[in-house]
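# Notes for the structure review
The primary structure of each chain is shown beneath.
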Amino acid sequence: LSPNSARISVRFWHVATVKDMGRRFKQHVDDLTITHGVNTNPALHVTRLLHAIAPLEDDDKLPPNLGGDMVRAILEGLPYPQTLLQAAIRRIRAEHDVSYPRAALIKACINRSTRFKNPEIKEELKMSLDNNNENIGYRLGRLFATLERIQIRKFTQKGGKEPNSTIRDRYYGSASGTPITVFGTLIRLSKHHLASLENVGERINFEKLLGEIMCGINDFPSHLQLDDQGRFAIGYYHQMQDFFTKKNDNQ
């Protein structure tokens, strides 16, 4: 429903059984489910998702019908509006922050689009890290997260503080959009960071992880399409969450 002067207007009308509605809402929730913190998944209602992708967190700056279009997609079992994916990626590039709501929304957008095109693929992007995902965007996202983690460990290995800014703040936009322009530089930089790690076991583990990720990358593409930029964000998010989980498991 929408307010219209002194009256209420019907934006769209959907007829379905309670069972049908329940099934589609469950699919919506399942599509949004993504690893977060230590086995927690705070609820993500539509307004919170929209707030996470609004410029300056100002909901009035979003397209006026975006919320209604998203609800329609949920009720009818359709892909989310492409503008949702576009908005989420724009906010990440602007703020250099792959937050939980944004990652959940991007995962859901891609999975619903993939399922709509090919119903046999129930879930392209998993809830947590998928070592078998060979998509170039996903792999590059994992690689970027690993390079950033190595940089952070250089500063924190002796109880020091994290740097005020990391490669994410300076290079995320280029890495996710035009990978060929920055990854050579980032990999050369990571060699200096690795050499600074005094824990030999940690250095070897990072080198093994880099080798495993790079094994699925033949070359760095000149450009990533929008969907692959979304997969980049999920690869980055999944890998960072995996680092966070292992850190807590070791404590």
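In this report, the structure presented in the accompanying data block is examined. Everything quoted here is computed from the prediction, not taken from an experiment.

## Looking at the layout of surface pockets
Empty space within the second largest pocket amounts to approximately 380 Å³. Lining the second largest pocket are 19 residues, with Arg-149, Ile-152, Arg-168, Tyr-236 and Met-240 sitting closest to its centre. Listing elements by their share of the lining of the second largest pocket, those giving two or more residues are helix 6 (136-156), helix 7 (167-177) and helix 10 (226-250). With seven residues, the top contributor of residues to the lining of the second largest pocket is helix 10. In the lining of the second largest pocket, the residues fall into eight nonpolar, four polar and seven charged.

## Section: the packing of helix 4 (residues 82-95) against helix 5 (residues 100-117)
Packing of helix 4 against helix 5 brings their axes to within 9 Å, and their N-to-C directions diverge by 145 degrees. Helix 5 is crossed by helix 4, and the crossing has left-handed handedness. Two secondary-structure elements touch here, helix 4 through Leu-84, Leu-85, Ala-88, Ile-89, Arg-91, Ile-92 and Glu-95 and helix 5 through Arg-102, Leu-105, Ile-106 and Cys-109. A breakdown of the residues in the contact of helix 4 with helix 5 according to their chemical character gives eight nonpolar, no polar and three charged.

## Topic: the side chain of Thr-166
Relative to the helices and strands, Thr-166 is located in the loop between helix 6 and helix 7. Look at Thr-166 and you get buried, because its relative accessible area is 9%. Of the polar contacts made by the side chain of Thr-166, one reaches the side chain of Glu-148; its length is 2.7 Å.

## Some points on empty space enclosed by the protein
One simple way to see leftover space: roll a probe sized like a water molecule over the atoms. Counted by the stated rule, this structure contains one cavity of 30 Å³ or more. Counted as a void, the largest cavity has a volume near 30 Å³. Lining of the largest cavity is provided by Ile-89, Ile-92, Arg-93, Tyr-172, Ser-176, Gln-229 and Ala-233.

## A look at helix 5
Side chains three or four residues apart in an α-helix point the same way, a direct result of the helix having 3.6 residues per turn. If you check helix 5, its first and last C-alpha atoms are 26 Å apart, about what 18 residues at 1.5 Å a residue would give, namely 26 Å. Most of helix 5 sits out of view: 16 of its 18 residues are buried.

## Here we look at the packing of helix 2 (residues 46-53) against helix 4
Here helix 2 crosses helix 4 at 50 degrees, and the two axes come no closer than 8 Å. When the axis of helix 2 is compared with that of helix 4, the two are oblique. Across the interface between the two elements, Leu-50, Ala-52 and Ile-53 of helix 2 pack against Leu-84, Ala-87, Ala-88 and Arg-91 of helix 4. Grouping the amino acids of the contact of helix 2 with helix 4 by side-chain chemistry returns six nonpolar, no polar and one charged.

## Notes on helix 6
For helix 6, which comprises 21 residues, the first-to-last C-alpha distance of 30 Å matches the rise-based estimate of 30 Å (1.5 Å per residue) to within 8%. Judged by how many residues are buried, helix 6 sits mostly within the fold: 18 of 21 residues are covered. At the N-terminal end of helix 6, a side-chain oxygen is found 2.8 Å from the backbone nitrogen of Gly-137, two or three residues along, and the residue is Asn-135.

Parameters at a glance
Residues numbered from 1 in each chain as written. Predicted model: local features only at pLDDT ≥ 70, side-chain atom pairs only at ≥ 80, totals over all residues. Heavy atoms only, no water. 1 Å grid on protein atoms, 1.4 Å probe; cavity = no way out; pocket = protein on both sides within 12 Å on 5 of 7 lines; lining within 4 Å. Points joined across faces, edges and corners; volume = space filled by probe spheres on them. Helix = DSSP H or I, 4+ residues; strand = E, 2+ residues; numbered from the N terminus. Nonpolar A, V, L, I, M, F, W, Y, C, P; charged D, E, K, R; others polar. Axes fitted to C-alpha atoms, helices over the stretch in contact; angles between N-to-C directions. Left-handed = near helix turned anticlockwise from the far one by under 90°. Contact = heavy atoms within 4.5 Å. Buried < 20%, exposed > 50% of the residue type's maximum accessible area, 1.4 Å probe, protein only. Polar contact = N/O pair within 3.5 Å; in protein donor to acceptor, adjacent residues only side chain to side chain. Expected span 1.5 Å × (residues − 1). Parallel < 35°, antiparallel > 145°, perpendicular 65-115°, else oblique.

Any link to function would need more than the numbers given here.
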